[in-house]
Amino acid sequence: MQGTVSTFDPDTRSGTLLLDDGSELPFGAEAFDRSGLRQLRLGQRLSIESGPGAEVHRVGIPGIR
């Protein structure tokens, strides 16, 4: 699954993604920390790995693990 960064707070390392169907999906600091990324910018395209209950487990750059 992929989405676009809608909001990101570098202090809390959490934000929301806008999915292709128009819905928003929040992600927490843990998902960002697992990405290995240092920062995100609004409008950036991300891949999303979901855990149980559709919770975001990890975000990352599409095509890069």
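Our subject in this report is the structure included herewith. Nothing here was measured: the structure is a model prediction, and the numbers come from that model.

**Points about the packing of aromatic side chains**
Applying the stated criterion across every chain, the model contains 2 aromatic pairs. Centroid distance Phe8 to Phe27: 6.3 Å. Interplanar angle 15°. Geometry classified as stacked. With Phe8 in strand S1 (residues 2-9) and Phe27 in strand S3 (residues 24-27), this pair connects stretches of sequence that are 19 residues apart. Summarising the aromatic geometry, the rings of Phe8 and Phe32 are spaced 5.0 Å apart at their centres and angled 50° between planes, so their arrangement reads as tilted. Taken as a pair, Phe8 in strand S1 and Phe32 in helix H1 (residues 29-33) lie far apart in primary sequence, 24 residues in all. Pairwise contacts between aromatic rings join Phe8, Phe27 and Phe32 into one cluster.

**So, the sheet that holds S1**
Across the sheet, which stays open at both edges, the 5 strands sit in the order S3-S2-S1-S4-S5 with antiparallel pairing between neighbours. Unpaired on one side and paired on the other, S3 and strand S5 (56-60) mark the two borders of the sheet. Across this sheet, the average inter-strand angle for adjacent strands is 40°, counted without regard to direction. Here 6 bridges tie S1 to strand S2 (residues 14-19), and the two strands are oriented antiparallel to one another.

**Re the pattern of salt bridges**
Enumeration according to the criterion identifies 3 salt bridges in this entry. In this structure, the salt-bridge partner of Arg13 is Asp33, at a minimum N-O distance of 2.8 Å. Remark: Asp33 occurs in helix H1 and Arg13 occurs in the loop between S1 and S2; sequence separation between them is 20 residues. Judged by relative accessible area, which is 43%, Asp33 ranks as partly exposed. In this structure, Glu49 and Arg58 form a salt bridge, with 3.4 Å as the shortest nitrogen-oxygen distance. The exposure class of Glu49 is partly exposed, given its relative accessible area of 26%. You can call Arg58 buried: its relative accessible area is 13%.

What counts, and at which threshold
- The numbers attached to residues start from 1 for each chain and follow its sequence in the written order.
- The predicted origin of the model limits local features to residues at a pLDDT of at least 70 and limits the giving and counting of side-chain atom pairs to 80 or more, whereas totals for whole chains, interfaces and linings rest on all residues.
- Side-chain measures here rest on the full set of heavy atoms in the structure, leaving out hydrogens and waters.
- For Phe, Tyr and Trp, where Trp contributes only its six-membered ring, two rings pair if their centres lie within 6.5 Å, and the inter-plane angle classes them as stacked under 30 degrees, edge-to-face over 60, or tilted in between.
- By definition, any uninterrupted DSSP run of H or I lasting at least four residues is a helix, any uninterrupted run of E lasting at least two residues is a strand, and each is numbered from the N terminus.
- A strand pair is defined by DSSP finding two or more bridges across the two strands.
- Every axis corresponds to a line fitted to the C-alpha atoms, with the helix fit spanning only the stretch in contact, and the corresponding angles, defined between N-to-C directions, vary from 0 to 180 degrees.
- When a carboxyl oxygen of Asp or Glu lies within 4 Å of a side-chain nitrogen of Lys or Arg, that pair is called a salt bridge.
- Under the scheme applied here, a residue whose accessible area is under 20% of the maximum for its type counts as buried, over 50% as exposed, and between as partly exposed, the area being computed with a 1.4 Å probe on protein chains only.

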